[in-house]
Structure formats: C-alpha cells, structure tokens
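Results of the structural survey
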Amino acid sequence: MTSLAGNAAADPAFLRIDRVTRTFDGGGGVNDLSLTIPRGGFTVLLGPSGCGKSTTLRLIAGLETPDSGRIVIDGRDVTALPPSQRGLSIVFQSYALFPHLSVEENIVFGLKVRRIARAERERKLKEALALTGLTGLEARRPAQLSGGQRQRVALARAIVADHPLCLMDEPLSNLDAKLRHSVRQDIRALQRRLGMTVVYVTHDQTEAMGMADQVILMRAGRIEQMGPPATLYETPATAFAAGFLGAPPMTMIPGDLVPLTAPGGSARARLDVGVRGEALKLMPEGEGLLPATVIASEFLGAETFVYLALAGGAQVTARVPGRDERAPGTTLSVSWPEAATHWFDRDSGARISAAAVAPSSAAGAAGPNPSAPVRAAG
Amino acid sequence: MTLTSPMDTRPADPRPMDPIARQRRRMTAIYGWLLVMPALVLLTLFAFLPTITTLWASFHSRGTARRPSVFNGVENYADLLADPTFWTVIGNNVLYAAVTIPVSIALALLMALWADAKLPARGFVRSAYFTPTVLPMVAAANLWLFFYTPGIGVIDSFTSLFGLPSVNWLGQPQTALGAVMVVTIWKEAGFFMIFYLAALQTIPPDLREAAQVEGASRFTYLRRVLLPLLMPTTAFIFINALINSVKLIDHLFILTKGGPNNATKLALYWIWEMAFSYFDRVHAAAMTALVLLVLAVVAIVQFSVIDKRIHYR
C-alpha cells in the first residue's frame, strides 16, 4: 500500500488540467481552467459555493466531461476515460455508502467488482480497517454507525482501492465541529503515511489553511489564487482572496481615509487598504494613524475581537491577544506596521504591490496569480 | 357497565376513585370510542359481518322456501373439490398469477429504469406508460376487444397484411387465457412502474457514482445496489399483484365471460357466477372462504419470512 509513490521522480506535476471549460445551462461550472497538482501533495480547492470547485473535482474524477480542454493524470491523458480507468478513488460528501451492505461489504465492493482474489481482499480489508480504526465494526450496516464512523468507512473504501489519487468532496461537512477538527488531522496523517495525492474540496478556509500543502482559491469558475496557505494569507493576490482567508477576514479601509503613500503614487481614492486584524494596534486617542470608536467586542478566550468604527464610516475588526476590557463607545485610535499594509485596486480587486508598479491602477497584480483580475472593471 | 377507552392501557385501579376523576376518565373513554367509531362501523358493516356470514353460509346447506338451511359441516367444500370446474379454475388462476405477476413486475422495472433516465421526452414517456392505469378496466377490456376481434380487429388487420390467417384469440381455449393475461399485464405494469419510479428517485445519485468509480458496470450496479435497494418496493408490488391476480376480473366480463370451455375462468369470476348467475350462495361462500384462506397464508408468509430478508431504510 505504501508503494504508491514509487515512480515519483518522473514528473512533479502528477495531475494537470489544461484549459478545461465546462459550463452548465443553469450557470456555474469552470471556464478555461488550468492547474497542476504535485505528486504526493495535499491540494485544497477552496471557494464559496458555486465557484466551480466541485465541478473541478468531478471533472478530474470523470463524473463530468469537459466541453473543451485536457486532463492528464500521471502522464496519461484521461479526458475521455471513464472514472474507473483513471486510477482514483473518491470520498463523497454524503459518503455514498451502500445502505444495504455491511461495513466490510462496502469497503471491498470495488475489490469484488474487480475480481481481486479472496486472500488479497481479506488482507487489504484488514489493513484498511486497522488504518481507519474500524476493526470490530465489520458486520454493522451504515445506519448503525455514527457520522464519524461512516466517514471513516468512506475513507477505508478509498484507501483499500490502492489508487495513487484520492478525491475528497467536502468530506467533513456532515460532522460536528469537534469531530471535524480531529478527523482533519487523521486524514492528513493518513495521506502522509500512504503517500497519496489528495485533492480536497471545501468552502471552509480553516480546513484549507490547516490541511493543505497547496490551496487553489476559486471564484466564479476561475482560479483566484494558487499557492501554499501562508502565501495566500500573507500576500493575497486580490481583495477577494484577502477577504476569504482568515477569521476575521482582512479589514478593508477606503484608501482616501489612510494617510499613507500608495505604491507608485496611484490615486488613493481608487484604492482600498487591507489590514489583518492581528496587525491592528489599538492606541490612545490621537497617537495612532486613524481615530476610531469601539462598537463591540467578542471575547474568545485566547483573544478578543474588537469591532471598531472609523471616522469615514468604515468598520474594522482588531484581533487583540487575551482579554480586552474597552467598553463600547470608547474612543481611541488604530495603527499598523507599514509592512502589514496591503493595497488593492477598488474596481478590479487586484493587489497593488510596491515592487511592480503598474502604469495605471486598473492593471493586474504581480505575483503568483495568472488569471486575476476576474471582476469586470466598472 | 364499565366503559374503557380502546387506547387505555393503564391497569385497572382497584382503589375507589373520587367522583370527579371517574367522570373525567369516562369522558376520555367516550372521546376515544367516538374517534374509532367511523372506522369501526364501516369495517364491521362491510368487512367483518360479511366475512362472518360468508363463513356461516359456507357450512350450511342451500335453503329453499320449503327446506330451510341446515348445518351440513364441510359438505359444501367437499362438493367443490369434487367439481372438475374447481380444478380448472384453480389451474387457470395459478397459471394466470404465475405469468402476470413476474412479467408485469419485470416490465414495470424496465419501464421505470428507462423513464428515470435522462430522456428528452421523459414526461411524455412517463404519462404514456401510466395511461393504462388511468383507464377503468372495463374500458381497457373494450379497447382490447377491438384489438382481438377476429377478421376486423387491429391484430388481424395487421397480420393479414403478411398473408397470415385470421385468429380468434379470445374464442379458442388454447389462446384465450394468454390473451386475457396480456391485457392484465398491459394494465398493471404501468401502475407498478409508478412505485418503482418513486423508489428510484429516493436512491441518491451518489451511489451510482460511487459504484461507477469502483468500476462497477451498469449491470453490476443494478444487481448489487439497485435491486437490493428496491426490494421493499418489489415486495409491496408483489403482494399487490398477487391480490390483483385474484381480485381483478372486470375484463373477463367484457372479453370472454370465463369461456371458451372455462379456459379463462378465474376464482373470483367463478364465485360471482355461482352466486349471481346460479344463485348457489353456499358454494360461492365456501369458495370465497378458500380464497380468503389462501390469501391469509400468503400474507403471513410475506410478513414473517420475506420481510426479514429485505433491507428497509
């Protein structure tokens, strides 16, 4: 089972999607999508509902056929192949367990279909049961299992197939919050141990941040930004990426309120300034960059979210470590380090970085994002 | 008189109750009886009483004005068993059930699988399949009479194009029962299809995709996943088909009237004939009792044996 990553050296891109378009009458789908996924990596497709992330997964799986473009898995063009010939397994959001079959029969369903010898089947079953901690539950029906156990049966069914690629479609969304957190670590550990390449779809940014080697943030059928979680968090390529990752989302302040020089001398009125909540410092009135008033605060244990109103009507959320006792109505001022300032074009949402000065503010961002800006200007 | 509610399962309290509590309890009991009253009255009038009088009649001789009816034990039953028509009718009905039930169920499943697929004219296909069910059996029988009529019927008009001789489908013992079965299957399959269609739509599409990814062919998916999940529906349809194979005789009145030479005589038609054509009420009652007995046995088998092997969600 651990021999999956055997011929790893050949091509770092294990899965390649090349200019794939798939649209639906009712909207949704993906448009001219290109991406590569490295071998043995954990890639998360992230985005709001309807952004095309599930369509992308189904295209990789072969459950959808692209209108145009190519899909290559492990150097093999699989665009026209049925799902069973693509060498992959899927964990469905609903788990898709067969309700009339026992745990054991569910797990070995595919092995039986492929006429794997009984001894081999038994061995793999035992291994998968042990890996997922399901030993002892072989004879149960899915209806007699808890949500977490069902989820693990679905995982065991994916493992037992021995495929190098595993696709997961929001596998944790039917679990309660506490369980979700521990299963997250289990899945990650399992993936590392088996050397599987995982493509994981979710709309939950904390899942993406916590699990991914690579995050592909999608929006309206296109890729918004692609890279390691830290890159997406620290240098979001667009205002959308800045707002989607992180809790609370990055605060946006109208540029004309901020007495800073915009990169390249752009007109500040056409820009927004983004600041992460943890970079905001609360200072006594008059000392900081901008005056502000406390609206409310939310104590979360290790930290407190302080909601503030700025002079121009904008709202920001500061993330203060520990407890913060400032009462609503308190006037103060906020500031942040120069390095924590992110400039975005208000119309296109594109990042304006000091390094690559754009001739006009509507020009695209530099950096790892090939397809931004996505929003039509004006 | 003690009046207790049918829903009252509390053990009787031996201690004397105070008058108000007793009054309240009696009101609850009356309320309960009032609620079950409509069903109780209707069932008694149209199910329990007729059953009892039928059983009663089946053990008594046929009364006339001069000789009143007397108890004669199982003599009516013995008469039936001695009657060759009885065995013809039983044989007909068994054959009728053995053919119409599996064929209409299989056909219903096929049609449902097709009508559930992504077809361009899915609505039309579904309603076309369902049309026979909407028609009254008598109307359907008249329609088929028009098909079967020798010489001028639709079937004969068609076969004569190829120079085939005219066939009197309903008029000869070899083909009459088969012709009647065709009408039954045509009428029933569309009705059963609706149940399969409804059941198919409750099966999540994920299961098909999961099976597909595992490499299961359409046939494997049908055999290992779809059919087991449809078993509750199949059991329900089977019981309905079985009851109908005894119950549904309307078309015999139009098509064959049990002939020729008893070739299409089914149990219930024979009972009707005995009771209302020959006014032999006691033998009709005895035959009815036998039919009830068989159906009761079937129901018991269904609930005790088959039910355990079915996966209900």
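For clarity, every value in this text was computed on a predicted model and none was experimentally measured. (Residues numbered from 1 in each chain as written. Chains lettered and ligands numbered in written order. Predicted model: local features only at pLDDT ≥ 70, side-chain atom pairs only at ≥ 80, totals over all residues. Heavy atoms only, no water.)

Moving on: the overall build of chain B. For chain B, the helix and strand inventory stands at 12 helices and zero strands. Mapped from its N terminus to its C terminus, chain B presents α and β elements in the order α-α-α-α-α-α-α-α-α-α-α-α. Radius of gyration (C-alpha) of chain B: 26 Å, far over the 20 Å computed for a compact globule of 313 residues. Seen through its C-alpha atoms, chain B measures out along the principal axes to roughly 90 × 70 × 30 Å. (Helix = DSSP H or I, 4+ residues; strand = E, 2+ residues; numbered from the N terminus. Rg over C-alpha atoms; globule rule 2.2 N^0.38 Å.)

All names here are of chain A. In the predicted model, chain A carries a mean pLDDT of 85, and 90% of its residues have values of at least 70. This model gives residues 1-9 a pLDDT under 50, and the stretch forms 15 contacts once residues within four places in sequence are excluded. The low-confidence segment residues 356-378, where pLDDT is below 50, has 32 contacts with residues more than four positions distant or belonging to other chains. (pLDDT = per-residue confidence, 0-100. Contact = heavy atoms within 4.5 Å.)

Residue and element names in this part refer to chain A. In this structure, Pro-248 follows Ala-247 across a cis peptide bond, with omega equal to -5 degrees. Its place among the elements puts Pro-248 in the loop between α8 (239-244) and β11 (251-254). Not every positive phi belongs to a glycine, and Arg-19 is a case in point at roughly 50 degrees. As for its placement among the helices and strands, Arg-19 is situated in strand β1 (residues 13-23). What makes Arg-19 exposed here is its relative accessible area of 52%. Its identity is not glycine, yet Ala-220 carries a phi of approximately 50 degrees, on the positive side. Considering the arrangement of structural elements, one finds Ala-220 in the loop between β9 (214-219) and β10 (222-227). (Buried < 20%, exposed > 50% of the residue type's maximum accessible area, 1.4 Å probe, protein only.)

A grouping of Trp-33, Val-36, Met-37, Leu-40, Val-41, Leu-42, Leu-45, Phe-46 and Leu-49 of chain B is seen on the molecular surface, where their side chains present a nonpolar patch of about 810 Å² in accessible area. For Leu-45 of chain B, the position within the fold is in helix α1 (residues 19-58). (Patch = residues over 30% accessible without salt bridge, like charges linked within 9 Å, V, L, I, M, F, W, Y side chains within 5 Å. Areas by Shrake-Rupley, 256 points an atom, 1.4 Å probe, with all protein chains shown as cover. Salt bridge = Lys/Arg side-chain N within 4 Å of Asp/Glu carboxyl O.)

What follows concerns the interface of chain A and chain B. Counting from both sides, the interface comprises 22 residues of chain A and, opposite them, 17 residues of chain B. The three residues of chain A that bury the most area against chain B are Pro-99, His-100 and Phe-109 of chain A, which together make up 29% of that side's buried surface. Inspection of the region where chain A meets chain B yields three salt bridges. Counting the contacts that link chain A with chain B gives four residue pairs in polar contact (both at pLDDT 80 or more). Those elements that place two or more of their residues in the side of chain A that touches chain B are β6 (88-91) and α2 (103-113) of chain A. Of the residues that constitute the side of chain A that touches chain B, the class distribution is 12 nonpolar, five polar and five charged. (Buried area = accessible area lost by both parts, 1.4 Å probe. Polar contact = N/O pair within 3.5 Å; in protein donor to acceptor, adjacent residues only side chain to side chain. Nonpolar A, V, L, I, M, F, W, Y, C, P; charged D, E, K, R; others polar.)

With that settled, the discussion passes to the side chain of Ser-348 of chain A. Residues and elements named next belong to chain A. Mapped onto the elements, Ser-348 comes out in the loop between β18 (342-345) and β19 (351-352). In this structure Ser-348 comes out as buried when scored by relative accessible area, which is 8%. Polar contacts involving the side chain of Ser-348 include one to the main-chain amide nitrogen of Ala-350, which spans 3.2 Å.

This paragraph deals with the state of the cysteines. Residues and elements named next belong to chain A. Evaluated as defined, the whole model comprises zero disulfides over all chains. Considering cysteine sulfurs only, Cys-166 is the nearest to Cys-51, which forms no disulfide, with 20 Å between them. Given the relative accessible area of 1%, Cys-166 is considered buried. (Disulfide = S-S within 2.5 Å.)

Considering all chains together, one arrives at four cavities of 30 Å³ or more under this definition. For the largest cavity, the calculated volume is near 80 Å³. Around the largest cavity sit 13 residues that line it, and Ile-90 and Arg-157 of chain A together with Ala-210, Val-213 and Glu-214 of chain B are the ones nearest its centre. Every element with two or more residues in the lining of the largest cavity is listed here: β6 and α4 (147-160) of chain A together with α8 (205-213) of chain B. For the lining of the largest cavity, the per-class residue count stands at eight nonpolar, two polar and three charged. (1 Å grid on protein atoms, 1.4 Å probe; cavity = no way out; pocket = protein on both sides within 12 Å on 5 of 7 lines; lining within 4 Å. Points joined across faces, edges and corners; volume = space filled by probe spheres on them.)

Residue and element names in this part refer to chain A. Judged by which residues are buried, β18 turns out to be covered on both faces: His-342 and Phe-344 on one side and Trp-343 and Asp-345 on the other are all buried. As judged from the four bridges shared by strand β12 (residues 271-275) and β18, these two strands associate in the antiparallel manner. If you follow Gly-274 over to β18, its bridge partner there is His-342. Here β18 folds back onto β19 in antiparallel fashion, the turn holding five residues, of which Gly-349 has a positive phi close to 80 degrees. (Pairing = 2+ DSSP bridges.)

Right, let's talk about the sheet that holds strand β4 (residues 68-73) of chain A for a bit. All names here are of chain A. Taken together, four strands build an open sheet; the order of strands is β2-β1-β4-β5 and the sheet is antiparallel. Where the open sheet ends on each side, the last strands, each with one partner, are β2 (29-38) and β5 (76-77). In this structure, β1 lies alongside β2, joined through seven bridges in antiparallel fashion. Looking across to β2, one finds that Val-20 is bridged to Leu-33.

This part covers the UniProt feature "domain: ABC transporter" (unreviewed entry) in chain A. Under the local residue numbering, the UniProt record ascribes the feature "domain: ABC transporter" (unreviewed entry) to residues 15-245 of chain A. Here residues 15-245 of chain A is 37% helix and 26% strand, with 25 Å between the C-alpha atoms at its ends. (UniProt positions renumbered as here; feature names shortened; annotations may be inferred.)

Moving on, we come to the nonpolar core. By size, the foremost hydrophobic cluster in this structure holds 63 residues, and its most contacted members are Ile-73, Leu-167 and Val-199 of chain A. Ignoring sequence-local partners within four residues, the contact set of Ile-73 of chain A consists of Phe-14, Leu-15, Ile-60, Val-78, Arg-86, Leu-88 and Leu-165 of chain A. (Core = buried A, V, L, I, M, F, W, Y, C linked by side-chain atoms within 4.5 Å.)

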